[in-house]
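# Inside the fold
Residues per chain, in single letters:
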Amino acid sequence: MAVARKRQISLIDTPYYHCISRCVRRAFLCGEDKVTGRSFEHRRAWVEDKLLSLVDIFSIDVCAYAVMSNHSHLVLFVDEEKAKSWSTAEVIHRWHRLFKGTLLTQQYSRGDALIEPLQAMVEQTAQVYRQRLTDISWFMRVLNEGIARQANREDNCTGCFWEGRFKSQALLDEAAIIACMAYVDLNPVRAKIATTPEQSDYTSIKQRIKAAVQGKQAEKLLTFIGNEHKNQPKGLPFNIDDYLELIDLTGRCIRADKCGYIEENQPKILHRLNISAENWLTLTTQFTNKFHGAVGHAEVLSDFCQHQALHRRTTLAVCNKLLA
């Protein structure tokens, strides 16, 4: 039985989540259909462009993404504190970039004078919008629904484009976050549609490498802030150079035309997180096969299950095996 969405998201435990959406019947509706010979490659750009545009509206950041031929992977960061800092006017302005809102919010946006009871109603509505702008379900709804409508218009048809709702995994600690990000970033290499990470179209790793060549970090993606992050602003708790080195090395190891391995002198990130080279290769090639729920070490996994009233820690054994 599927787990209710509200029991998969627990912001008191983690703001990081891995989300997966698949096309209906797993048909090649976003890439090249080898049966008909028709190419839908341009739709991958639709997904990427829409995804990165939503970052400017929602209080949700993108850590990693990969738009594949028949599915997409996202690693998202929910920034509740950012949303709390928005004024009522900013919340309504952001929401109106997605939807029309109500008659009262439209009047408020125009600067019309509102009596006190109506102003109170606007404030209440803004609170609802504020919550939605930090809600992964709303984020994925806006992303996927827009792409589905666009694809159906192009095909002159109706019906489902995505295979049901998206799947979600909570990433409870640093080891789970970096393993999932690497798994997502290396999807094209693993699927043999790219030979190196920098050639992986429609992925976050390509964006990060392009920015790194110029000595920058990718603008639309959540930034890396280094290992010492306690008193620093929000961001991924790793060094960007270490991460890119790790991705490059792992990408070379998992190529199908060679027997991959990582030397004993493994990258700094793996050493700091105490993940063995053997386990790392398993994580970056079989993440979604090995984990079917929240991912993290035993302690944080137990806390998550307790907060979500889950009686079984279904991934505990594999987490203990691969994340240590």
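Within any chain, residue numbers begin from 1 and follow the written order of that chain's sequence. Local features in a predicted model are, by the rule used here, given only for residues with pLDDT of at least 70; side-chain atom pairs are given and counted only at 80 or more, and totals for whole chains, interfaces and linings are based on all residues. Based on all heavy atoms of the structure, the side-chain values leave hydrogens and waters out of the count.

### Here's the deal with the overall build of the chain
From N to C terminus, the chain includes 14 helices and 4 strands. Radius of gyration (C-alpha) of the chain: 21 Å, near the 20 Å computed for a compact globule of 324 residues. Taking the principal axes of the C-alpha coordinates as reference, the chain spans close to 70 × 50 × 50 Å. Residue burial is assigned from relative accessible area. The probe radius is 1.4 Å, only protein chains are included, and a residue is buried under 20% of its type maximum, exposed over 50%, and partly exposed in between. Scored against the burial criterion, the 324 residues of the chain give a buried share of 50%. Long-range contacts, defined here as pairs at least 24 residues apart, represent 67% of the contacts in the chain between residues at least 6 apart. To qualify as a helix, a DSSP run of H or I must reach at least 4 residues; to qualify as a strand, a run of E must reach at least 2; elements of each kind are numbered from the N terminus. With C-alpha atoms as the basis for the radius of gyration, the globule rule is written as 2.2 Å multiplied by the number of residues raised to the power 0.38. Note on definitions: a residue-residue contact is assigned when non-hydrogen atoms from the two residues lie within 4.5 Å.

### What to know about the sheet that holds strand β1 (residues 16-22)
Spatially, 4 strands are ordered β2-β3-β1-β4 in an open sheet, and the strand pairing comes out antiparallel. Edge strands, defined here as strands with exactly one partner in the open sheet, are β2 (60-67) and β4 (167-170). Each adjacent strand pair in this sheet contributes to an overall mean axis angle of 20°, direction not counted. When DSSP finds two or more bridges between a pair of strands, those strands are recorded as paired. For β2 and strand β3 (residues 71-78), the ladder comprises 7 bridges, and the chain directions are antiparallel. Along β3, the bridge assignment pairs valine 67 with serine 72. Orientation is described by lines fitted to C-alpha atoms, with helices fitted over the stretch in contact, and by angles between N-to-C directions that extend from 0 to 180 degrees.

### With respect to the pattern of salt bridges
For salt bridges, the criterion is a side-chain nitrogen of Lys or Arg within 4 Å of an Asp or Glu carboxyl oxygen. Under the counting rule described, the total for this entry stands at 14 salt bridges. The salt bridge partner of aspartate 248 is arginine 252, with a shortest N-O separation of 3.0 Å. One end of the pair is aspartate 248 and the other is arginine 252, both in helix α10 (residues 240-253) and 4 residues apart, which spans about a single turn.

### Let's talk about the packing of aromatic side chains
A pair of aromatic rings is counted whenever rings of Phe, Tyr or Trp (Trp by its six-membered ring) have centres within 6.5 Å, and the orientation is called stacked for planes under 30 degrees apart, edge-to-face for over 60 and tilted otherwise. In the structure shown here, the tally under the stated rule is 10 aromatic pairs. With a centroid separation of 4.9 Å and 35° between ring planes, the pair formed by tryptophan 95 and phenylalanine 99 is classed as tilted. On the accessibility criterion, tryptophan 95 (3% relative accessible area) is buried. On the basis of relative accessibility, which here comes to 28%, the residue phenylalanine 99 falls in the partly exposed class. Ring centres of tryptophan 95 and tryptophan 138 lie 5.4 Å apart, and the angle between their planes is 65°; on these two criteria the pair is classed as edge-to-face. Highlighted residues: tryptophan 95 in helix α3 (residues 88-96) and tryptophan 138 in helix α6 (residues 136-155), separated in sequence by 43 residues. Taking the relative accessible area as the measure of exposure, tryptophan 138 reaches 17% and is therefore buried.

### Digging into helix α9 (residues 204-213)
Burial in α9 covers these residues: Ser204, Ile205, Arg208 and Ala211. Each buried residue of α9 sits inside an arc of 130° when the element is viewed along its axis, so together they form one side. Facing away from the buried side of α9, by more than 90 degrees, are the exposed residues Lys210 and Val213. A positive phi of about 75° marks glycine 215, the residue just after α9. This arc is built from the directions going out from the helix axis to the C-beta atoms.

### What about the side chain of threonine 250?
Its location among the elements puts threonine 250 in helix α10. Among the polar contacts made by the side chain of threonine 250, one reaches the side chain of tryptophan 280 at a distance of 2.8 Å. Side-chain atoms alone can form a polar contact between residues adjacent in sequence; in general such a contact is a pair of N or O atoms within 3.5 Å, and within protein one must be able to donate a hydrogen while the other accepts it.

### Description of the packing of helix α4 (residues 103-110) against helix α5 (residues 116-132)
Close contact between α4 and α5 brings their axes to 10 Å; oriented N to C, the two are set at 100°. As summarised for this structure, α4 and α5 are arranged roughly perpendicular, according to the angle between their axes. Between α4 and α5, the contacting residues are Leu104, Thr105 and Tyr108 on the first element and Leu118, Gln119, Met121, Val122, Thr125 and Tyr129 on the second. Throughout this entry, Asp, Glu, Lys and Arg are counted as charged residues, while Ala, Val, Leu, Ile, Met, Phe, Trp, Tyr, Cys and Pro are counted as nonpolar. The remaining residues, Gly among them, count as polar. Of the residues in the contact of α4 with α5, the class split is 6 nonpolar, 3 polar and no charged. Roughly parallel here means an angle under 35 degrees, roughly antiparallel means over 145, roughly perpendicular means 65 to 115, and every remaining angle is called oblique.

### Digging into the side chain of threonine 282
Following the sequence through the fold, threonine 282 ends up in helix α12 (residues 277-290). Each residue touching threonine 282, except ones within four places of it in the same chain, is listed here: Phe287, Lys290 and Leu322.

### Some words on α5
In this analysis, the expected span of each helix is defined as 1.5 Å times one less than the number of residues it contains. Helix length check: α5 (17 residues) gives 25 Å between terminal C-alpha atoms against 24 Å at 1.5 Å per residue, within 8%. Every buried residue belonging to α5 is among Val122, Ala126, Tyr129 and Arg130, and all of these are buried. Looking straight down α5, one finds its buried side chains confined to an arc of 100°; they lie on one side. Among the exposed residues of α5, those pointing more than 90 degrees away from its buried face are Pro117 and Gln124. Contacts made by the buried residues of α5 are with α2 (80-84), α3 and α4.

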